[in-house]
Amino acid sequence: MTVPLTIIVPVYGAAAELAACLGSLEETVGRAVPVLVADDASPGADVSHVIASAARGGLDLQHVRRERNLGFVGNVNRALRECAPHDAVLLNSDTLTTPGWLEALRRCAASDARIATITPWSNNAEICSVPDFCRSAPIPDDLAAVAAAAAAAPAEYPDLPTGVGFCLFLRRAALEAIGDFDQATFGRGYGEENDFCLRAEAHGWRNVLCDDAYVAHRGGASFGPVGLAPGGENLARLNARYPGYNARIAEFILQDPLRPLRERLAQRLQAAAVLPTQRDLFV
């Protein structure tokens, strides 16, 4: 039986980025699945105006506004409860979705019932970045061409040491088995998705790359202004709970098992004239 799915877009400010994100969802998803915009008490009226405008468009749009700011983790956990019993895709408000992205994530999820999280390729997604590994790149001009190149080869769905939170599929069965994000430990945000993925893996679940899907990501637009940043105390908490985490990520980066898939995609992008041909693509 196919589990219904909801796309959750957590929001705090960044109205222009949200408008672009919702516009891309209207083009690539339409009314096929509900989109829950969870506004974490954004200041001003700009975000509310964007959501009201989008609600008149071609999305199955649901909107909740928190009475007070809960922080990213609290807002997301509340949204996950609000969309139960659906599977969920957490989608940052500074992303742009591409043709076929959601269908690809759903095929990936259907390929193995033990997949807990799924991350697509992106221009800015740390270990899931293309064309350059662990290095952000500008958002491509022709996102449809990039999506077509990603979908052109049979998917392999390789395992990841952790998912990446800009666009993260979460299976409801995994949430029910191990719980949601750990707000008590990770507070307002950063590290919570890594912790979730590591907990899932410890319970026999998988975290995988959907290597035939692509979602563009600007990065830092929505939650940067409130002081959330990688590292710091939350990274220390993550490493205290999983002492081998840093070493494992360093080994993954050193071994770079995604390199053949990244090279294959970059070559298709070059052939489609989406990327220049004279550069070192595979760093």
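Residues numbered from 1 in each chain as written. Predicted model: local features only at pLDDT ≥ 70, side-chain atom pairs only at ≥ 80, totals over all residues. Heavy atoms only, no water.

Enquirer: Quick question: what am I supposed to make of the overall build of the protein here?
Expert: Of regular secondary structure, the protein possesses eleven helices and nine strands. For 283 residues, the compact-globule estimate of 2.2 N^0.38 gives 19 Å, and the C-alpha radius of gyration of the protein, at 18 Å, lies within 12% of that figure. Dimensions of the protein along its principal axes, counting C-alpha atoms only, are 50 × 45 × 40 Å. Residues counted as buried form 56% of the 283 residues belonging to the protein. Contacts in the protein between residues at least 24 apart in sequence constitute 83% of all its contacts with a sequence separation of at least 6. (Helix = DSSP H or I, 4+ residues; strand = E, 2+ residues; numbered from the N terminus. Rg over C-alpha atoms; globule rule 2.2 N^0.38 Å. Buried < 20%, exposed > 50% of the residue type's maximum accessible area, 1.4 Å probe, protein only. Contact = heavy atoms within 4.5 Å.)

Enquirer: How should I be thinking about the pattern of salt bridges in this particular structure?
Expert: Counted according to the given criterion, the structure contains 17 salt bridges. Salt-bridge contacts for glutamate 17 lead to arginine 218; the nearest nitrogen and oxygen are separated by 2.0 Å. A residue pair is termed long-range when its members are at least 10 positions apart, and glutamate 17 in helix H1 (residues 15-28) and arginine 218 in the loop between strand S9 (216-217) and helix H9 (232-241) qualify at 201 residues. Given a relative accessible area of 18%, glutamate 17 falls into the buried group. Connected through salt bridges with shared partners, the residues Asp182, Asp195, Arg199 and Arg241 form a single ionic network. (Salt bridge = Lys/Arg side-chain N within 4 Å of Asp/Glu carboxyl O.)

Enquirer: Explanation requested: the state of the cysteines in the structure shown.
Expert: Here is the idea: a disulfide is a covalent bond, and it sits between the sulfur atoms of two cysteines. Overall, the coordinates contain zero disulfides when judged by the stated rule. Free of any disulfide, cysteine 21 has its nearest cysteine sulfur in cysteine 167, 9.4 Å distant. Free cysteine cysteine 210: the closest other cysteine sulfur is in cysteine 108, separated by 4.7 Å. Given the relative accessible area of 0%, cysteine 210 is considered buried. (Disulfide = S-S within 2.5 Å.)

Enquirer: What is the right way to look at helix H10 (residues 245-255) in this model?
Expert: Count 3.6 residues to each turn of an α-helix, and residues three or four apart come out pointing the same way. Of the residues making up H10, those classed as buried are Tyr245, Ile249 and Phe252. All buried residues of H10 lie within an arc of 60° about the axis, which places them on one face of the element. Of the exposed residues in H10, the ones pointing more than 90 degrees away from its buried face are Ala247, Leu254 and Gln255. Phi turns positive one or two residues past the end of H10, at aspartate 256, with a value near 50°. (Arc of directions from axis to C-beta.)

Without other data, these values stay purely geometric and don't point to any function.
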